[in-house]
Amino acid sequence: MDLTLATRDVDGKTIVAVGGEIDVYTAPKLRDKITELVAAGVYDIVIDMEAVEFLDSTGLGVLVGGLKKVRAHDGSLHLVCTQDRLLKIFRITGLAKVFVIHDSADAALASS
């Protein structure tokens with residue numbers, strides 16, 4: 001399975017819609033996209049994970065790395081995720097306390 005990334009700007013924030021699997025093979029593609037956005041001066045990012053079917057530790061590492069990158073510029077990285085199997089991963093790893101997780105892109109845009 002491949003990873004799809006689609007970015008769109010809404011009210012000064014950038015939404016990255018991610019689809020497919022975020023694993024050891026595809027995670028670098030997401031990391032490169034976040035790095036590219038931060039290098040371009042984008043520090044408020046919403047990662048929409050509604051179409052993500054699988055997430056492993058490499059993917060979690062990329063998300064944490066992305067959070068560190070935007071925080072270095074006083075930015076934010078919010079997640080959109082409603083899938084129980086993914087939310088469970090965030091809870092088990094303790095990352096549910098690190099990330100702000102929303103149930104819709106609209107909610108993420110409204111709060112960040």
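A short tour of the structure in this document, coming up. (Residues numbered from 1 in each chain as written. Predicted model: local features only at pLDDT ≥ 70, side-chain atom pairs only at ≥ 80, totals over all residues. Heavy atoms only, no water.)

### Let's talk about helix α2 (residues 57-71)
Line of reasoning, step 1. With 15 residues, α2 should reach 21 Å at 1.5 Å per residue; the first-to-last C-alpha distance of 21 Å fits that figure.
Line of reasoning, step 2. Taken together, the buried residues of α2 touch β2 (13-22), α1 (27-39), β3 (44-55), β4 (76-80) and α3 (84-93).
Line of reasoning, step 3. The N-capping residue of α2, defined by a side-chain oxygen 2.9 Å from the backbone nitrogen of T58, is D56. (Helix = DSSP H or I, 4+ residues; strand = E, 2+ residues; numbered from the N terminus. Expected span 1.5 Å × (residues − 1). Contact = heavy atoms within 4.5 Å. Polar contact = N/O pair within 3.5 Å; in protein donor to acceptor, adjacent residues only side chain to side chain.)

### Focus on the pairing of β3
Line of reasoning, step 1. With eight bridges joining them, β2 and β3 adopt parallel strand pairing. Across the sheet, residue G19 finds its bridge partner in β3, namely A51.
Line of reasoning, step 2. The handedness of the β2 to β3 crossover, carried by α1, is right-handed.
Line of reasoning, step 3. Judged from the five bridges that link them, β3 and β4 form a sheet pairing that is parallel. Directly across from I45, in β4, lies its bridge partner L77.
Line of reasoning, step 4. The handedness of the β3 to β4 crossover, carried by α2, is right-handed. (Pairing = 2+ DSSP bridges. Right-handed = clockwise from strand over helix to strand, strands pointing away.)

Any functional reading would require information beyond the geometric quantities listed.
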